[in-house]
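Here is how the chains run, residue by residue.
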Amino acid sequence: MTGQSIDTSLSEAGETFLVTRAGTELILRPVRLEDAGLLARFYDGLTADDMQFRFLSAQSHLSTSQLAAMIEVDHRHREHLLAFERASHALVATLLIAADDQFETAEVAISVAPAYKGRGVGWTLLHHAVDLARERGIARLRSIESRANREAIEVERTLGFKSSDYEGDATLALLEIDLR
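Okay, so let's go over this structure. Worth saying up front: this structure is predicted, and the values here are computed from it rather than measured. (Residues numbered from 1 in each chain as written. Predicted model: local features only at pLDDT ≥ 70, side-chain atom pairs only at ≥ 80, totals over all residues. Heavy atoms only, no water.)

**Looking at the pattern of salt bridges**
One pass over the full model with this rule turns up eight salt bridges. In this structure, the salt-bridge partner of Arg29 is Asp35, at a minimum N-O distance of 2.8 Å. Side by side, Arg29 and Asp35 carry an identical accessibility label, which is buried. Residues Arg136 and Glu135 are paired through a salt bridge, measuring 3.2 Å at the closest nitrogen-oxygen approach. Note on Arg136: relative accessible area 15%, which makes it buried. (Salt bridge = Lys/Arg side-chain N within 4 Å of Asp/Glu carboxyl O. Buried < 20%, exposed > 50% of the residue type's maximum accessible area, 1.4 Å probe, protein only.)

Okay, structure coming up:
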């Protein structure tokens with residue numbers, strides 16, 4: 001156990017402002033129940049590869065249960081942050097982070113809209129996830145990636161994540177960073 005108080009939470013009250021290395025200004029805020037339609041449209045706009053990489057399965061749309069899990073987060077152990085471009089207010093990315101009950105380990109998943117790839121959005125959100133997890137006392141942050149998702153793996157490695165084989169599936173890699 002990390003010694004964190006019972007009030008430890010992944011939630012961020014209000015909005016957070018970030019700027020990518022390419023100068024894209026982002027507004028992050030926690031997901032709300034009324035965001036279901038917005039999230040469904042966002043994921044419908046992803047490429048087949050993006051959906052494969054995010055959900056590690058061939059699917060073209062979110063299932064009802066997946067969508068519910070994304071909006072019905074507890075904002076304590078599971079947080080889903082939506083990233084909007086400040087200028088257009090368009091939803092450009094999502095960041096989901098889920099911690100275990102002891103706040104020892106958390107898993108992160110990021111999706112970026114195709115039009116915003118290459119602008120540093122994924123890197124900025126992953127950096128933010130690392131900072132958020134470290135601030136909350138989480139010891140290890142991890143991501144499970146398709147080995148074909150070379151761009152995401154490279155971004156994670158630049159931030160200090162170490163890659164290892166994912167037990168039971170040679171097509172996947174486990175990327176982890178020790179935050180202590």
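**Some remarks on the sheet that holds strand S4 (residues 91-99)**
The sheet built from eight strands is open, its strands ordered S1-S2-S3-S4-S5-S6-S8-S7 with mixed pairing. Whereas interior strands pair on both sides, the edge strands pair on one side only; in this sheet they are strand S1 (16-19) and strand S7 (162-165). Neighbouring strand axes in the sheet, compared pairwise and without regard to direction, differ in orientation by 30° on average. Sheet analysis places S4 next to strand S5 (residues 105-112), joined by seven bridges and oriented antiparallel. Among the inter-strand pairings, Ala98 is bridged to a residue of S5, identified as Glu107. Across the face of the sheet, helix H4 (residues 121-135) comes into contact with S1, strand S2 (25-30), strand S3 (78-85), S4, S5 and strand S6 (140-146) while running at roughly 30° to S4. Helix H5 (residues 150-158) contacts S6, S7 and strand S8 (172-178) of the sheet and is inclined by roughly 160° relative to S6. (Pairing = 2+ DSSP bridges. Helix = DSSP H or I, 4+ residues; strand = E, 2+ residues; numbered from the N terminus. Axes fitted to C-alpha atoms, helices over the stretch in contact; angles between N-to-C directions. Contact = heavy atoms within 4.5 Å.)

**With respect to H4**
The end-to-end C-alpha distance of H4 is 21 Å, a good match for the 21 Å that 15 residues give at a rise of 1.5 Å each. All of the buried residues in H4 are Val121, Thr124, Leu125, Leu126, His128, Ala129, Val130, Leu132 and Ala133. Just beyond H4, the residue with positive phi is Gly137, at close to 85°. (Expected span 1.5 Å × (residues − 1).)

**What about the side chain of Glu85?**
Note that Glu85 resides in strand S3. For Glu85, a relative accessible area of 15% corresponds to the buried category. Those residues in contact with Glu85 that sit more than four places away from it in its chain are Thr24, Glu25, Leu26, Ala90, Val92, Tyr116 and Arg119.

**Section: the pairing of S8**
Buried residues dominate S8, accounting for five of its seven residues. Pairing of S6 with S8, which is carried by seven bridges, proceeds in the antiparallel orientation. Bridge pairing in S8 links Arg142 to Glu176. In this structure, S7 lies alongside S8, joined through four bridges in antiparallel fashion. Bridge pairing links Ser163 to Leu175 in S8. Between the antiparallel neighbours S7 and S8 lie six residues, among them Gly168 with a positive phi of about 95°.

**What to know about the environment of Arg41**
You can see Arg41 is positioned in helix H1 (residues 36-44). Residue Arg41 is classed as exposed on the basis of its relative accessible area, which comes to 57%. Distance from Arg41 to Ala129, taken between C-alpha atoms, is 24 Å for residues 88 residues apart in sequence.

**Let's talk about the packing of aromatic side chains**
Applying the stated rule across the entire model yields two aromatic pairs. Seen from their ring centres, Phe42 and Tyr43 are 5.1 Å apart, and the 90° between their planes marks the pair as edge-to-face. Phe42 gets classed as buried once you look at its relative accessible area, which sits at 7%. Taken together, the aromatic side chains of Phe42, Tyr43 and Phe55 make up a single cluster linked through ring pairs. One Lys or Arg, Arg21, reaches over the ring of Trp123 and ends 4.6 Å from the middle of that ring. Here Arg54 stacks its cationic end above the ring of Phe55, 4.6 Å away from the centre of that ring. (Phe/Tyr/Trp six-rings, centres within 6.5 Å; stacked < 30°, edge-to-face > 60°. Lys NZ or Arg CZ within 6 Å of the ring centre and 35° of its normal.)

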